[in-house]
Amino acid sequence: MAHTLPNLPYDYTALEPYIDAQTMEIHHGRHHKAYVDNLNKAIEGTEAEKLSLEDLMKNITNYPAAVRNNGGGHYNHSLFWTVLGNNGSKPSGKLADAIEAFGGLETLKEKVNAAGAARFGSGWAWVCVNNGKIEVCSTPNQDNPLMPDTGCNGTPIFGIDVWEHAYYLKYQNKRPDYLNAIWNVVNWEEVGKRFEAAL
Ligand code: MN
C-alpha cells in the first residue's frame, strides 16, 4: 500500500517564533512530501510494499539506499511533527521519572544538543528508550534508531532534525541556537505516550 504524507497536526505558524512558518511549510509540504513520493517509487511492485513503515525500518538492511533514505525520511519526519507543537508543556509521569534517572531535564537537553551539534553534515539527534532507560544518540542522513546497523539502539521517542533545511532560513549557520530554541515547542505529552508504549 502506498505511503501518504500525514497532515501537520497544527498550523505552520504554531511553532513561531522558535521555528518560522515558512520553514515549516517548505519542510512539511516539500521535503517530507518528496520522501513519501520517492519511497513509493522505490518500493513500487516489490515485497517492501507489504510492510508497515516501522517494519520496513527494522528490516532496512535488506533494501537499497533509495528505500533507506526515503523510508527513513518519511519515518523520521512523521515522528518529528508529532513531538512538537505543545509549546510550554513539561515532562510528567513515568517519563519525568526516567528523565530524573537520566540526570534531569537540563542534562538531557545538554546531551541532545551536543549530539545534534556534533553531527557533521546532515542527520538527527535522538532520545531513545532502551530496556526502560533513556539514552541519547545521533544518526547521519535519514537513518534512525529502528534501523539495526546505526549504533543507536532502542525505540526513538523524540528526535531533532539537524538538516540545514530544518533551520537555515531563520538560524543560518547557527545550529546550536536552533537546538536551544526547539525545546520551547516540545510536545511532552506525546513524548510521554511514546515512552510508555516503548516500555
Ligand atoms: Mn527534515
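Look up: the structure comes first, before these words.
Note that the structure is predicted; figures quoted are calculated from it, not measured.

Procedures and definitions
Residues numbered from 1 in each chain as written. Predicted model: local features only at pLDDT ≥ 70, side-chain atom pairs only at ≥ 80, totals over all residues. Heavy atoms only, no water. Core = buried A, V, L, I, M, F, W, Y, C linked by side-chain atoms within 4.5 Å. Buried < 20%, exposed > 50% of the residue type's maximum accessible area, 1.4 Å probe, protein only. Helix = DSSP H or I, 4+ residues; strand = E, 2+ residues; numbered from the N terminus. Domains from an automatic or database assignment. Contact = heavy atoms within 4.5 Å. Pairing = 2+ DSSP bridges. Axes fitted to C-alpha atoms, helices over the stretch in contact; angles between N-to-C directions. Parallel < 35°, antiparallel > 145°, perpendicular 65-115°, else oblique. Donors = N, O, S within 2.8 Å, 3.2 Å for Na, K, Ca; no water.

Things to note about the nonpolar core
No. 1: If you look at the biggest cluster of nonpolar residues, it comprises 53 residues, and the most contacted ones within it are Leu84, Phe158, Ile160, Tyr178 and Ile182.
No. 2: Among the elements that line this core, the one with the most residues is strand β1 (residues 123–130), at six residues.
No. 3: Structurally, this core is a two-domain feature, drawing no fewer than three residues from each of domain 1 (21–82) and domain 2 (93–198).
No. 4: The residues contacting tyrosine 178, other than those within four sequence positions of it, are Ile19, Phe80, Ile160, Asp161, Ala166, Tyr167 and Tyr171.

What about unusual backbone geometry?
No. 1: In this structure, proline 17 follows glutamate 16 across a cis peptide bond, with omega equal to 0 degrees.
No. 2: Its location among the elements puts proline 17 in the segment before α1 (21–43).
No. 3: With phi around 45 degrees, glutamine 172 is a residue other than glycine that occupies positive phi space.
No. 4: Position of glutamine 172 among the secondary structure elements: in the loop between α6 (168–171) and α7 (175–182).
No. 5: Given the relative accessible area of 31%, glutamine 172 is considered partly exposed.

Let's talk about the pairing of β1
No. 1: A large share of β1 lies buried, amounting to seven of its eight residues.
No. 2: Here six bridges tie β1 to strand β3 (residues 155–161), and the two strands are oriented antiparallel to one another. By the bridge assignment, valine 127 is partnered in β3 with phenylalanine 158.

Looking at the packing of helix α4 (residues 93–102) against helix α8 (residues 188–198)
In helix packing, the relevant descriptors are the interaxial angle and the interaxial distance, both defined with respect to the helix axes.
No. 1: Close contact between α4 and α8 brings their axes to 8 Å; oriented N to C, the two are set at 85 degrees. When the interaxial angle is binned, α4 and α8 end up roughly perpendicular. Here Lys94, Leu95, Ala98 and Ile99 of α4 come into contact with α8, specifically with Trp188, Val191, Gly192, Phe195 and Glu196.

Topic: the sheet that holds β3
No. 1: Spatially, three strands are ordered β2-β1-β3 in an open sheet, and the strand pairing comes out antiparallel. Both outer strands of the open sheet, β2 (133–140) and β3, are each paired with one neighbouring strand and no more. Sheet twist, expressed as the average angle between the axes of neighbouring strands with direction ignored, equals 25 degrees.

Remarks on the coordination of the manganese ion
No. 1: Protein-derived ligands of the manganese ion are His27 (NE2), His77 (NE2), Asp161 (OD) and His165 (NE2), with the metal-ligand distances lying across 1.9 to 2.1 Å.
No. 2: Counting the intervening residues between successive donors of the manganese ion yields the motif H-x49-H-x83-D-x3-H. Within this pair, whereas histidine 27 is found in helix α1, its partner histidine 165 is found in the loop between β3 and α6, the two being separated by 138 residues in sequence.
No. 3: Residue classification places histidine 27 among the buried residues on the basis of a relative accessible area of 1%.
No. 4: By relative accessible area, which is 18% here, histidine 165 ends up buried.

Read these as spatial facts, not as claims about activity.
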